Amino acid sequence: MKIAVVGTGYVGLVTGTCFAETGNQVTCVDIDKSKVEKLSNGQITIYEPGLEKIFLRNLKEDRLHFTTNLAEGVKDTTIIFLALPTPPGEDGSADLKYILGVADDLGKILTDYKVIVDKSTVPVGTADKVQAAIAKNFKGEFAVVSNPEFLREGVAVDDFMKPDRVVVGTSDDRAKKIMTDLYAPFVRSGNPVIFMDEKSAELTKYAANSFLAVKISFMNEIARLCERLGADVDMVRKGIGSDERIGKRFLFPGIGYGGSCFPKDVQALVKSSSEVSYDFEILNAVMKVNEEQKLFLMPKINAYFNNDLKGKRFALWGLAFKPNTDDIREAPALYMIDALTEAGATVHAYDPEAMPNVKQLVGDKIDFAESQYDALENADALIIATEWSEFRTPEFEKITSMLKNKVVFDGRNVYDRTQMKELGFFYESVGREAVK
Ligand code: UDX
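Everything numeric in this text was worked out from a predicted model, so none of it was measured.

Rules behind the numbers
- Residues numbered from 1 in each chain as written.
- Predicted model: local features only at pLDDT ≥ 70, side-chain atom pairs only at ≥ 80, totals over all residues.
- Helix = DSSP H or I, 4+ residues; strand = E, 2+ residues; numbered from the N terminus.
- Rg over C-alpha atoms; globule rule 2.2 N^0.38 Å.
- Buried ≥ 20, exposed ≤ 12 C-beta atoms within 10 Å, placed from the backbone.
- Contact = placed C-beta atoms within 7 Å.
- Pairing = 2+ DSSP bridges.
- UniProt positions renumbered as here; feature names shortened; annotations may be inferred.
- Near = placed C-beta within 6 Å.
- Nonpolar A, V, L, I, M, F, W, Y, C, P; charged D, E, K, R; others polar.
- Domains from an automatic or database assignment.
- Core = buried A, V, L, I, M, F, W, Y, C linked by C-beta atoms within 7 Å.
- Axes fitted to C-alpha atoms, helices over the stretch in contact; angles between N-to-C directions.
- Left-handed = near helix turned anticlockwise from the far one by under 90°.
- Right-handed = clockwise from strand over helix to strand, strands pointing away.

**Student:** Is there a simple way to explain the overall build of the protein in this structure?
**Tutor:** The secondary structure content of the protein amounts to 18 helices and 14 strands. Against the globule reference of 22 Å for 436 residues, the protein gives a C-alpha radius of gyration of 24 Å, in line with a compact fold. Considering the protein as a whole, with its 436 residues, one finds that 44% of them fall into the buried category. Within the protein, counting contacts between residues at least 6 apart in sequence, those at least 24 apart form 71% of the total.

Now the structure itself:
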């Protein structure tokens, strides 16, 4: 099949590359000239494990192309994916200017039947708006389909190639057949392509992400309660997670969720709800809990240092909002950096991938380390904000010898409390009794 993907951001590039991988001819369109040039020359523009290899292979096989010209990109295609940004506006609602702008352009370009697919996370009713924007200028037949992505950063290629499910919202039979054929190679294992109306598909995306945010925030509140009651959140997590109705995943307490999806989508669903006079009470609470949770370690740090962080130096392991990504959007580590530096402390940070992004954002506000151990030099304590694998089983002797005090504040519960006790650490984590 011949496919166009408009927008070569995170979702667009993964989508385009993975569709090329199953033998389709894919042209990715972007208005950013330098990006298109780089991509055409085999230079990948995002960090995503496993993507570069298949990107280069499909580029070489001539199945993957890049252009800045929309008309050229969509020529002779059957399907056009819209993978454009929907940044939150000032009131929290998703800004549709990029999507509707391209829809408008498409209306002037199209000459024959096409399936236009919304891949971006868009508010309920967007498919209708895209339909109207195209129909203003194009009087022929076409279908607008909602096909939300459920990709997790860091495992996006796997999520795309082997999805738990594919959600397709359309009322057009021809589009239904085309989408079925397109996704057939991805659902061979028997996972479903779930067809529904456009609005339900649009809402499914928000409902999925919001539900996961609820799960995390619920556990973060259970963790707070555990500390007050003397219970251990790890035990409670295992205890409830083995009930299949609850499930083991997404029950890990920590210093809050971040990233490009959860914060934005929860906020947007609250906003959409209010537009139809509905107050989504649970999600309001989730937003509040998560804001507080990002600074969950601060009272513990303050208590240890008698509310005087002036002149103290902290080693900070982890800056990305989660492991295996360089993405720092809404990363809890950034909130920690602000709180620590405002209190007069200095921060020496290390992250395997995200340091360049943080440097660009905060400049000289903090120091960046060459390695995780380098960050410990002369530090009064170690703080863990992201659970990268290399932080899970470190050389504890090195930590002990390099830190000024044997003190660890762990925002992701990566260490075993008994082991930390044996090693003689002062160790605070989330929802578990402190080791003193
Ligand atoms: C998420 C969704 O999982 C994905 O389906 C959607 O398409 C985009 O948003 P992503 O943002 O890449 O993906 O990250 P994810 O792995 O889901 O983690 C989100 C956040 O929740 C991270 O900050 C993570 O640290 C946090 N989290 C996750 C927890 O705090 N506890 C958990 O148990 C799981």
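**Student:** What am I meant to see in the sheet that holds strand 12 (residues 381-384) here?
**Tutor:** The strand order across the open sheet formed by six strands is 11-10-9-12-13-14, and the pairing between neighbours is parallel. Of all strands in the sheet, those bounded by a partner on one side alone are strand 11 (367-368) and strand 14 (426-428). Across four bridges, strand 9 (residues 313-317) lies against strand 12 in parallel orientation. Bridging across to strand 12, Phe314 finds its partner in Ala381.

**Student:** Hey, could you run me through the UniProt feature "active site" (unreviewed entry) in the protein in this one?
**Tutor:** Feature annotation in UniProt places "active site" (unreviewed entry) on Cys261, given in this structure's numbering. Summarising the element assignment, Cys261 is placed in the loop between helix 10 (233-241) and helix 11 (262-275).

**Student:** What exactly am I supposed to notice about the site of the ligand here?
**Tutor:** Neighbouring the ligand are 19 residues, the closest being Glu153, Phe252, Tyr257, Gly259 and Cys261. Looking at the shell around the ligand element by element, the count peaks at three residues for helix 9 (residues 198-229). Within the shell around the ligand, the residues separate by chemical class into eleven nonpolar, four polar and four charged. There are two domains that each give the shell around the ligand at least three residues, and those are domain 1 (2-196) and domain 2 (205-291).

**Student:** Sorry if this is basic, but what is going on with the domain arrangement of the protein here?
**Tutor:** The parts lose accessible area when they come together, and the size of an interface is often stated as this lost area. Here the protein is described as being made up of domain 1 (2-196), domain 2 (205-291) and domain 3 (297-428). The distance between the C-alpha centroids of domain 1 and domain 3 comes to 39 Å. Taken residue by residue, the interface counts four residues in domain 1 and seven residues in domain 3. Looking at the side of domain 1 that touches domain 3 residue by residue, the class counts come to two nonpolar, one polar and one charged.

**Student:** Please explain the nonpolar core as it appears in this structure.
**Tutor:** Generally speaking, nonpolar side chains in soluble globular proteins are found buried as a group. Core analysis: the biggest nonpolar cluster contains 121 residues, and Leu316 and Ile383 have the highest contact counts within it. Counting residues per element, this core draws most heavily on helix 9, at eight residues. Not counting residues within four places of it along the chain, the set of residues in contact with Ile383 comprises Leu297, Phe314, Ala315, Leu316, Met336, Phe409 and Gly411.

**Student:** Help me understand the UniProt feature "binding site: substrate" (unreviewed entry) in the protein, please; the structure alone is not making it clear to me.
**Tutor:** Mapped onto this structure's residue numbering, the UniProt feature "binding site: substrate" (unreviewed entry) falls at Phe150, Leu151, Arg152, Glu153, Lys205, Phe250, Leu251, Phe252, Pro253, Gly254, Gly258 and Lys322. Their sequence span is 173 residues, while the largest C-alpha to C-alpha distance among them is 23.8 Å; these annotated residues do not converge on one region. One can find Phe150 in the loop between strand 6 (143-146) and helix 7 (156-161). Exposure remark for Phe150: the 17 C-beta atoms within 10 Å place this residue in the partly exposed category.

**Student:** For this particular structure, what's the right way to read the packing of helix 11 against helix 12 (residues 281-293)?
**Tutor:** To describe two helices that pack against each other, one gives the angle between their axes and the distance between the axes. Packing of helix 11 against helix 12 leaves a shortest axis separation of 10 Å and a crossing angle of 145°. Considering the relative orientation of helix 11 and helix 12, their crossing is left-handed. The segment helix 11 lies against helix 12, with Val266, Gln267, Leu269 and Val270 engaging Leu283, Asn284, Val286 and Met287. For the contact of helix 11 with helix 12, the class distribution of residues is six nonpolar, two polar and no charged.

**Student:** Looking at this structure, I do not really get the pairing of strand 13 (residues 407-410). What am I missing?
**Tutor:** Two faces belong to every sheet, and in a regular strand the side chains alternate between them. Pairing of strand 12 with strand 13 involves three bridges; the strand directions are parallel. Across the sheet, Leu382 pairs through a bridge with Val408, a residue of strand 13. With three bridges connecting them, strand 13 and strand 14 associate as parallel partners. Residue pairing for strand 14: Phe409 is matched across the bridge by Glu428. The handedness of the strand 13 to strand 14 crossover, carried by helix 18 (residues 417-422), is right-handed.

**Student:** Explain unusual backbone geometry to me, please; I cannot follow it from the model alone.
**Tutor:** Most peptide bonds take the trans form, and the phi angle of most residues other than glycine is negative. Of note in the backbone geometry, Asp62 takes a positive phi value of approximately 65° without being a glycine. Along the polypeptide, Asp62 turns up in the loop between helix 3 (51-60) and strand 3 (64-67). Overall, Asp62 belongs to the exposed group, with 9 C-beta atoms counted inside 10 Å. Despite not being glycine, Asn324 has its phi angle at roughly 65°, a positive value. Tracing the chain through its elements places Asn324 in the loop between strand 9 and helix 14 (332-342). Exposure remark for Asn324: the 19 C-beta atoms within 10 Å place this residue in the partly exposed category.

**Student:** What's the story with the packing of helix 5 (residues 97-109) against helix 6 (residues 126-135) in this structure? I'm lost.
**Tutor:** Put simply, helix 5 and helix 6 touch, their axes get as near as 7 Å, and they point 35° apart. The handedness of the crossing between helix 5 and helix 6 is right-handed. In this structure, helix 5 contributes Ile99, Leu100, Ala103, Asp104, Leu106 and Gly107 to the contact, and helix 6 contributes Thr126, Lys129, Val130, Ala133, Ile134 and Ala135. Of the residues in the contact of helix 5 with helix 6, the class split is eight nonpolar, two polar and two charged.

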